[in-house]
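Chain by chain, the residues run as shown.
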Amino acid sequence: MDRIIFLVDMNAFFISCEMTRHPALRNKPAAVAGDPSRRTGIILAASYEARAFGVRTTMLVHQAQRLCPNLSLVPPDHAFYEQKSAEVMALLARYAPVLEQNSIDEAWLDMTGCQTLFGTPLETARMIMKAINDELSLWCSIGISSNKFLAKMASEMHKPHGITELWPADLAEKLWPLPAGAMYGVGQKTAARLASLGLRTIGDLARVKEDVLVDLLGKFGREISRHARGIDPEPVIPHAEDSVKSIGRSTTLVKDLTNLEEARKVLLELADDVGRSARKHDKMGRTVHIVLKYSDFSVITRQMTVVATYATSEIYQAGSRLLEQNWYPDKPVRLIGISLSGFENEAADRQLSLFDQPEATQTVDRQVRVDQAMDLIRNRFGEKSVTRAKQLKVKGER
Ligand SMILES: [Mg+2]
């Protein structure tokens, strides 16, 4: 069966992460740079607005400032980018049964067989791009093909915000005219050696005999030859054995909310969805995580550790506490999200946590039985057949 592989690549990742917490940087020329105060550092990531002035990664700060006098500079915060990266990967894991992270800002997804779940590859890619923007206020480009190499090449073709399909039938038109140096994995030195043989485009590499490239570059020559012809049998290899890392739901509100009680109602619905999905997959999680986007488009994420659970009420209570702690009357909220992660892998883990918490467990067990009964009824009779809000008595809520 033909595979369907996506490469999701985040656009201008570091500076886009900064924009999520500094909305004033949005739509402006801005860059993350090492030591901007001394004007000696280099540009690590530039916004597309800054790139329009010619600002590029690895350029010296004072060079960049000469090109773009209004450039806003932010010092790097790698811990923050790692955290955002983990959020992106957790979101992608909701769509892809198999995911391989390639760097802090990109991952391959093996979407083979997912058409019945999400629609065509193009529709699925649009859904993923929208979720990344809605929930994390970040943008990506997505390449779609039948293998990892072509998906990576496709993802580079339209930036930012591009979705590009590159199937084997499109190679002559879309891939072969590109210079050899544009090939993933081919650096300037290799490109220069290839050029010395008159091999300037990827098409040239596809047409020349594989042996010629092997003589020139050894094993790597064979790979280049195959890639140029659109061949790449490499599987998408997940780094963690457990592919479901997070179960989450979020919603952009019809109107911005300033009333905490109204927000709690929305949160309960989302928590119920998350709990139901976690119960279906038999996944008990130890981390509840919420995301709030305020009306000024700033985004915060907060998390709390809980006793491993998939009970709706437990997920909701943790989320509700986080919501309350981050609720400001003068900061209307436009998006609310909640997720469960930190899943237990071993049955033994679960046994241990049950014995750890004998009393709490009894209550939770009862709640889970109610949850499971409701799941059954809703599966048979539809979503509206039972409403939870009336039945749910939440501790600590007035
Ligand atoms: Mg990248």
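This text follows the structure it describes.
S.K.: Looking at this model, I keep getting lost on the overall build of the protein. Mind explaining?
M.R.: Across its full length, the protein carries 16 helices and 12 strands. In the protein, which comprises 398 residues, the proportion classed as buried is 37%. Within the protein, residue pairs in contact and separated by at least 24 positions form 62% of the contacts whose partners lie at least 6 positions apart.

S.K.: Is there a simple way to explain helix 7 (residues 148–155) in this structure?
M.R.: Helical geometry: 3.6 residues make up each α-helical turn, so side chains three or four residues apart lie on a common side. Burial within helix 7 is extensive, with eight of its eight residues counted as buried. Listed in full, the buried residues belonging to helix 7 are Lys148, Phe149, Leu150, Ala151, Lys152, Met153, Ala154 and Ser155. Residues of helix 7 that are buried in the fold lie against strand 1 (5–10), strand 6 (106–110), strand 7 (140–145), strand 8 (163–165), helix 8 (171–175) and helix 12 (219–228).

S.K.: Which parts of the structure should I look at to understand the pairing of strand 11 (residues 299–309)?
M.R.: Consecutive side chains along a regular strand alternate between the two faces of the sheet. Note: strand 10 (residues 285–294) against strand 11, eight bridges, orientation antiparallel. Within strand 11, the position partnered with Thr287 by the bridge is Thr305. Hairpin connection from strand 10 to strand 11: four residues lie between these consecutive antiparallel strands, with Phe297 at a positive phi of about 75 degrees.

S.K.: How should the sheet that holds strand 7 be read in this particular structure?
M.R.: Strands belonging to one sheet form pairs held by backbone hydrogen bonds; the direction of such a pair is parallel or antiparallel. Read from one edge of the open sheet, five strands run 5-6-1-7-8, paired in mixed fashion. The two strands at the open ends of the sheet, each matched to only one other strand, are strand 5 (98–103) and strand 8. Pairs of neighbouring strands in the sheet enclose a mean axial angle of 15 degrees, with direction left out of account. Direction of pairing for strand 1 relative to strand 7: antiparallel, over a ladder of six bridges. Paired with Phe6 across the two strands is Ile144, which belongs to strand 7. Contacts from helix 7 reach strand 1, strand 6, strand 7 and strand 8, with the element oriented near 140 degrees to strand 7.

S.K.: What is the right way to look at the nonpolar core in this model?
M.R.: Generally speaking, soluble globular proteins have nonpolar side chains that are buried together. Core analysis: the largest hydrophobic core is formed by 94 residues, its most contacted members being Phe6, Val8, Ile15, Ala31, Leu92, Leu109 and Ile315. Non-local contacts of Val8, meaning those with residues more than four positions away in its chain, are made with Leu92, Glu106, Ala107, Leu109, Ile128, Cys140 and Ile142.

S.K.: Honestly, the packing of helix 11 (residues 210–217) against helix 12 in this entry has me stumped. Any pointers?
M.R.: The geometry of a pair of packed helices is captured by two quantities: the angle between their axes and the separation between those axes. Contact geometry of helix 11 with helix 12 gives a least axis separation of 6 Å together with a crossing angle of 145 degrees. Considering how the two elements wind past one another, helix 11 and helix 12 form a crossing that is right-handed. Residues Glu210, Leu213, Val214, Leu216 and Leu217 of helix 11 form the contact with helix 12, whose own contacting residues are Phe220, Gly221, Arg222, Ile224 and Ser225. Tallied by class, residues from the contact of helix 11 with helix 12 come to six nonpolar, two polar and two charged.

S.K.: It is not clear to me how unusual backbone geometry should be interpreted in this structure. Could you clarify?
M.R.: Trans is the prevailing form of peptide bonds, just as negative phi is the prevailing case for residues other than glycine. Between Lys159 and Pro160 the backbone carries a cis peptide bond, its omega angle lying at -10 degrees. With respect to the helices, strands and loops of the structure, Pro160 is situated in the loop between helix 7 and strand 8. One non-glycine residue, Ala12, lies in positive phi territory at about 40 degrees. Here Ala12 lies in the loop between strand 1 and helix 1 (13–21). According to the C-beta neighbour criterion, Ala12 is buried, with 25 such atoms within 10 Å. Backbone geometry places Asn27, a non-glycine residue, at a positive phi of 60 degrees.

S.K.: When you look at the environment of Val8 in this model, what are you seeing that I'm missing?
M.R.: Along the chain, the position of Val8 falls in strand 1. Its 27 C-beta neighbours within 10 Å are what place Val8 among the buried residues. For Val8 and Ile144, which are 136 residues apart along the polypeptide, the C-alpha to C-alpha distance reads 8.9 Å.

S.K.: Sorry, what's going on with the environment of Leu260 here?
M.R.: Among the structural elements, Leu260 can be located in helix 13 (residues 260–280). In the structure, Leu260 is positioned 64 residues away from Glu324 in sequence and 7.3 Å away in space, judged by C-alpha atoms. When neighbours within four sequence positions are excluded, Leu260 is seen to be in contact with Glu324 and Trp327.

S.K.: Explanation requested: the sheet that holds strand 11 in the structure shown.
M.R.: Spatially, the four strands line up as an open sheet ordered 9-12-10-11, and their pairing is antiparallel. Two strands lie at the open edges of the sheet, namely strand 9 (246–257) and strand 11, each paired on one side alone. Each strand of the sheet is rotated relative to its neighbour by a mean of 15 degrees, with strand direction disregarded. Running at roughly 65 degrees to strand 9, helix 6 (residues 121–136) makes contact with strand 9, strand 10, strand 11 and strand 12 (333–343) of the sheet.

S.K.: What is the right way to read the pairing of strand 12 from this model?
M.R.: Taken across its 11 residues, strand 12 has eight buried, putting it largely inside the fold. Relative to strand 12, strand 9 runs antiparallel, the two sharing eight bridges. Looking at strand 12, one finds that Arg249 is bridged to Ile338. Strand direction decides the pairing type here: strand 10 and strand 12, joined by nine bridges, are antiparallel. Bridge pairing links Gly285 to Phe343 in strand 12.

S.K.: Teacher, can you tell me more about the packing of helix 13 against helix 14 (residues 312–325) here?
M.R.: Two elements in contact, helix 13 and helix 14, have axes separated by 9 Å at closest approach and are oriented at 145 degrees. Where helix 13 crosses over helix 14, the handedness of that crossing is right-handed. Counted together, Leu260, Ala263, Arg264, Leu267, Leu268, Ala271, Asp272, Val274 and Gly275 of helix 13 and Thr312, Ile315, Tyr316, Gly319, Ser320, Leu323 and Glu324 of helix 14 form the full contact between these two elements. Split by residue class, the contact of helix 13 with helix 14 holds nine nonpolar, four polar and three charged.

The rules behind each value
Residues numbered from 1 in each chain as written. Predicted model: local features only at pLDDT ≥ 70, side-chain atom pairs only at ≥ 80, totals over all residues. Helix = DSSP H or I, 4+ residues; strand = E, 2+ residues; numbered from the N terminus. Buried ≥ 20, exposed ≤ 12 C-beta atoms within 10 Å, placed from the backbone. Contact = placed C-beta atoms within 7 Å. Pairing = 2+ DSSP bridges. Axes fitted to C-alpha atoms, helices over the stretch in contact; angles between N-to-C directions. Core = buried A, V, L, I, M, F, W, Y, C linked by C-beta atoms within 7 Å. Left-handed = near helix turned anticlockwise from the far one by under 90°. Nonpolar A, V, L, I, M, F, W, Y, C, P; charged D, E, K, R; others polar.

Take it as geometry only, folks, not as evidence of what the structure does.
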